[in-house]
Amino acid sequence: MTLLRSALLLVCSALPHLHAAPVADLHIELNQRGVDLSPHLYGLFFEDINYGADGGLYAELVQNRSFEYHPRSKPEHTALYAWQPVARENADVKLSIGTADPLNPNNPHYLDLALGGRGVGGAANLGFNGIAVTAKASYDVALFGRIASWTGDSTLTVALELADGTRIATTRLDPLDNTWARREGVLIADRTADDARLVITTTGRGMLSLDMVSLFPQDTWRGRKYGLRKDLVQTLADLAPKFLRFPGGCIAHGAGLANAYRWKDTVGDIAERKPNWNLWGYHQTYGLGYFEYFQLCADLGAQPLPVVPVGVSCGFHSGGGVQCVPMDDLQEHIQDALDLIEFANGPADSRWGSVRARMGRTEPFGLRYLCLGNEEHDTPEFHERFPRFVRALREAHPEIRLIGNSGLSANIPLYDFMHRQGVYSSDEHYYELPEWFLRHQRRFDSFDRTKPKIFVGEYASWNNTVFSALAEAAYLTGIERNGDLVDMTAYAPLLARTDFTQWTPDLIYFDARRVLRTVNYYTQQLFSHHKGDHTVAHTFRAEGLPPRDPVPARFGLGTFKSTTTFTQASLNGRPLDLATWAHAAGTFSATAAGLEQTDASLAHTLALAPIAAPGERHLFQVRARRATSGDGLLVLFGADSAGMGGYVWQVGAEGGRRHTLHQVRAYDHWSRMEVASARADLLADDWLDLEVDLTPERVRCRVGGVTVLEHVFTPYEPAVSVTYDRATSELILKLVNPHPEPLATRVRLDGARSLAARGRLITLGSSRDAQNTFEQPDQVRPLESIIPVSSDFIHTVPAWSLQVVRIPAFAP
Ligand code: AHR
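Residues numbered from 1 in each chain as written. Predicted model: local features only at pLDDT ≥ 70, side-chain atom pairs only at ≥ 80, totals over all residues. Heavy atoms only, no water.

> Just to check I follow, could you spell out the packing of aromatic side chains for this structure?
Remark: the centre distance and the inter-plane angle together describe each pair of aromatic rings, the angle taken between the planes. For the structure shown, the criterion picks out 53 aromatic pairs. Between Phe246 and Tyr290, the ring centres sit 5.2 Å apart and the planes meet at 65 degrees, which makes this aromatic pair edge-to-face. With Phe246 in strand 14 (residues 243-246) and Tyr290 in helix 4 (residues 290-300), the pair connects residues that are 44 residues apart, well separated along the chain. Note on accessibility: Phe246 and Tyr290 belong to one class, buried. Between Phe246 and Phe294, the ring centres sit 5.7 Å apart and the planes meet at 90 degrees, which makes this aromatic pair edge-to-face. A residue pair is termed long-range when its members are at least 10 positions apart, and Phe246 in strand 14 and Phe294 in helix 4 qualify at 48 residues. Neither Phe246 nor Phe294 differs from the other in exposure class; each is buried. Through a chain of ring-to-ring contacts, three or more aromatic side chains come together here, namely Phe46, Phe246, Tyr261, Trp263, Tyr286, Tyr290, Phe291, Tyr293, Phe294, Phe343, Trp352 and Phe365. Sitting over the ring of Phe45, Arg245 keeps its end group 4.4 Å from the ring centre. The ring of Phe467 carries Arg768 above its face, with NZ or CZ at 4.0 Å from the centroid. (Phe/Tyr/Trp six-rings, centres within 6.5 Å; stacked < 30°, edge-to-face > 60°. Helix = DSSP H or I, 4+ residues; strand = E, 2+ residues; numbered from the N terminus. Buried < 20%, exposed > 50% of the residue type's maximum accessible area, 1.4 Å probe, protein only. Lys NZ or Arg CZ within 6 Å of the ring centre and 35° of its normal.)

> I keep staring at the sheet that holds strand 21 (residues 453-461) and nothing clicks. Help me out?
Strands belonging to one sheet form pairs held by backbone hydrogen bonds; the direction of such a pair is parallel or antiparallel. Spatial ordering of the open sheet is given by 2-14-17-18-19-20-21-22, a layout of eight strands whose pairing is parallel. Strand pairing shows two members of the sheet lacking a second neighbour, strand 2 (44-45) and strand 22 (486-491), which therefore form its edges. Pairing analysis gives two bridges linking strand 2 to strand 14, with the strands arranged parallel. Residue pairing across strands places Phe45 opposite Arg245, the latter belonging to strand 14. Sheet strands in contact with helix 7 (residues 380-396) are strand 18 (369-372) and strand 19 (401-405), and its direction is about 165 degrees off that of strand 18. (Pairing = 2+ DSSP bridges. Contact = heavy atoms within 4.5 Å. Axes fitted to C-alpha atoms, helices over the stretch in contact; angles between N-to-C directions.)

> For this particular structure, what's the right way to read the environment of Arg420?
By secondary structure assignment, the location of Arg420 is in helix 8 (residues 415-421). Classification of Arg420 as exposed rests on a relative accessible area of 60%.

> Sorry, what's going on with the packing of helix 5 (residues 330-345) against helix 6 (residues 351-358) here?
Between two packed helices, both the angle of their axes relative to each other and the distance between the axes serve to describe the pair. Close contact between helix 5 and helix 6 brings their axes to 7 Å; oriented N to C, the two are set at 45 degrees. In terms of orientation, helix 5 lies oblique with respect to helix 6. In the packing of helix 5 onto helix 6, the handedness of the crossing is right-handed. Residues Asp339, Glu342, Phe343, Ala344 and Asn345 of helix 5 pack against Arg351, Trp352, Gly353, Val355 and Arg356 of helix 6. (Parallel < 35°, antiparallel > 145°, perpendicular 65-115°, else oblique. Left-handed = near helix turned anticlockwise from the far one by under 90°.)

> Got a minute to help me understand the nonpolar core in this structure?
In summary, soluble globular proteins display a tendency toward joint burial of nonpolar side chains. In terms of nonpolar packing, the biggest core is built from 137 residues, with Tyr290, Phe343, Leu370, Leu372 and Phe444 touching the most fellow members. A total of ten residues in this core trace back to one element, the largest contributor, which is helix 10 (residues 466-481). Ignoring anything within four residues of it in the chain, the contact list for Phe444 reads Glu428, Tyr430, Arg449, Ile454, Val456, Tyr475, Ile479, Asn482, Leu485 and Val486. (Core = buried A, V, L, I, M, F, W, Y, C linked by side-chain atoms within 4.5 Å.)

> Sorry if this is basic, but what is going on with the site of the ligand here?
As a structural note, the neighbourhood of the ligand is formed by Glu47, Gly249, Cys250, Trp280, Asn374, Glu375, His429, Tyr431, Glu458, Pro493 and Trp503. In this structure, an oxygen atom belonging to the ligand sits 2.8 Å away from a main-chain N or O atom of Cys250. Looking at the shell around the ligand, its residues break down into five nonpolar, three polar and three charged. (Near = heavy atom within 4 Å. Polar contact = N/O pair within 3.5 Å; in protein donor to acceptor, adjacent residues only side chain to side chain. Nonpolar A, V, L, I, M, F, W, Y, C, P; charged D, E, K, R; others polar.)

> Looking at this model, I keep getting lost on the packing of helix 5 against helix 7. Mind explaining?
As a packed pair, helix 5 and helix 7 sit with axes 10 Å apart at the nearest point and diverge in direction by 40 degrees. The angle between the axes of helix 5 and helix 7 places the two elements in the oblique class. Seen along the crossing, helix 5 lies across helix 7 with a hand that is right-handed. Across from Leu330, Gln331, His333, Ile334, Ala337, Leu338 and Ile341 in helix 5, the residues of helix 7 making contact are Arg385, Arg388, Phe389, Ala392, Leu393 and Ala396. Among the residues making up the contact of helix 5 with helix 7, the classes are represented as nine nonpolar, two polar and two charged.

> When you look at the pattern of salt bridges in this model, what are you seeing that I'm missing?
A pair can form between side chains of opposite charge whenever their charged atoms are brought close. If you walk through the whole model with that rule in mind, you get 45 salt bridges. With its nearest N and O atoms 2.7 Å apart, the salt bridge here joins Asp299 to Arg224. Of the two residues, Asp299 is situated in helix 4 and Arg224 in the loop between strand 13 (205-217) and helix 2 (230-237); the sequence distance between them amounts to 75 residues. What makes Arg224 partly exposed here is its relative accessible area of 26%. One salt bridge in this structure joins Arg514 and Asp511, with 2.7 Å as the shortest N-O distance. (Salt bridge = Lys/Arg side-chain N within 4 Å of Asp/Glu carboxyl O.)

> How should I be thinking about the sheet that holds strand 4 (residues 90-98) in this particular structure?
The strand order 4-5-13-8-11 describes an open sheet built from five strands, whose pairing is antiparallel. Each end of this open sheet is capped by a strand with a single partner; those strands are strand 4 and strand 11 (181-188). Within this sheet the neighbouring strands show an average axis-to-axis angle of 30 degrees, counted without direction. As paired elements, strand 5 (residues 110-118) and strand 13 share five bridges and run antiparallel to each other.

This is the structure we're talking about:
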């Protein structure tokens, strides 16, 4: 490496900023082909979370159009949610919910408007915090209506109005009758507005009932009537996804059996679909249902990957306990899965194929994969039910590849079970710190190739910053290196509507009008557009990497289900006044001696030093006594000023038997990465002399002067992927530099029959914490240029960046 450094420094001496900079050597042997990359890399996972479907992809602008909202999803979600009475002049208007003689049994609630007095009366829908409309654009309005005890005119005026009552679009619908009838019209907005309301009024008197009140832009994806939001689908299409997994996630198996996603409820006429509450806290109209999902896949050129529940509800969301379909009733659910295959692939005259045909598609959708379950728990009930699905599906449809799931977390507890089931691939999920992805970029190098292929069906690092996107990029280079094993990957969650979000980070944010592509999005896009067909043999070495950012010397103390006394705290020998520490979580009482936490029921209590101490080396000392056995006491260090990040030393986890050191996203967040652990033998009531000895390079945790844990803050590996695109005869390099300094890399290219003199360079990068926002949506985006290349050249990868280099090259 010293030779490498000297060579590079010589070559780079013309570049003043490169003295003593980190250097790397990338040696590529183009004539040595590696593994073929899966044709299914890369894809998408879509779930109706963060109003991704209703209020998102599904372009319906009316919220609660069929009055089926229910407080099960959220207390305020009554059947009248998002609706208001409209009474003008001396009209007397009362809104209520009717259930007698509904539109159909799947749509049991509707709006009753009791209209009295004199003047104009009706109801208004507020949309999703206002309806955004564009000047001169056309909107399709439709509703079902019925009148009873009516006097006067029964035509309805439908308008878009601003909050002050200004009308910006108006139409009149044909008169109503005393049986349910559909009416439709078109509204053309005369100006652009973000906070319009849909107002339906009449001058008649009596009882007016409304249901399925709908407003759609005509300008939808592919111009389909009542279709999908064009800008959002375009954003997905721009990722060139190879597959789309849907409809969840947790909503696939549901917070209980009644809440599981039953695909048959989601097809056919939209007024007859059977909506359900969404475990993410809102309502699912199922207007975006299985037909629309399959159609979207066809539009995107993506393999459809439906997820069917396997008779066990979601282990995270089934508050009252996981519910399981009794074994005697399981066949009905297996039949659902079999019928789904017929819906997708069956002839147009088959039972379910004909439903598809009536919806407008006679030819099959070409379903080839089926995902069984989502993030299942490793329970006897699951073990009993899963094989029944596998057997029945395999017997009836050997042509369909079954995708199992590996259970919760990167520990993949169900992978071996899936191996025994002989599934095609198995789905694993993880949401981790960026550091986890950087540290685990070699995860698949040692996986057993005789086991099922891997589907990384959901993953994300906790942030939308450049650093987080680079961590994902580094992980993806490991996936390309193992492209023979890792068959599919998808970031999650995909979409999030601002102000309607239950989960961050997400890949794409949007509001009523705008779409924001995150840095993570651009990372996915670069990997998707520049994948290549096979890997190319190479070696990569880097040296002189800059040390990690110093860990802030901000200390905290806490407990995990134990009562504890802390005393005699000091930093670098100077006593600290624990009474001044902020009680960030739980209840502490300051005593003459120090601090006491006396509630053994609390997990993650925390008292935090007011500020981080300056300087490089820190020795934090404290005496602590854990009075109840519990799961230990906690010493925190390294949190930033917002309390995020840092490390937690759990002194006496597992009832006193272990010390663990975790890098954490936030002190009490479940996303944490264990970086060190050791056996312990601590008794309740023992006084412990604890020390954290922190330098920029490492930390040592001591008990009674003896080091029990040590962790070195090693730099993260830069990452490289080398692949070849046979269609364009180009070598593709992907280079990830997750460091604050540029990485001067000597690229040596052997074995090429011919090599172009110039390559195409695409750079995505900025500062570590930069991210795109609605105010600055293009702050970080891929930038292209042309660079000179040869069989031996120096290329400098900028700090905090992902680069793609495409070099036209012919292999022998
Ligand atoms: O992507 C959000 C959720 O994370 C999914 O619904 C679930 O599968 C996982 O726990």
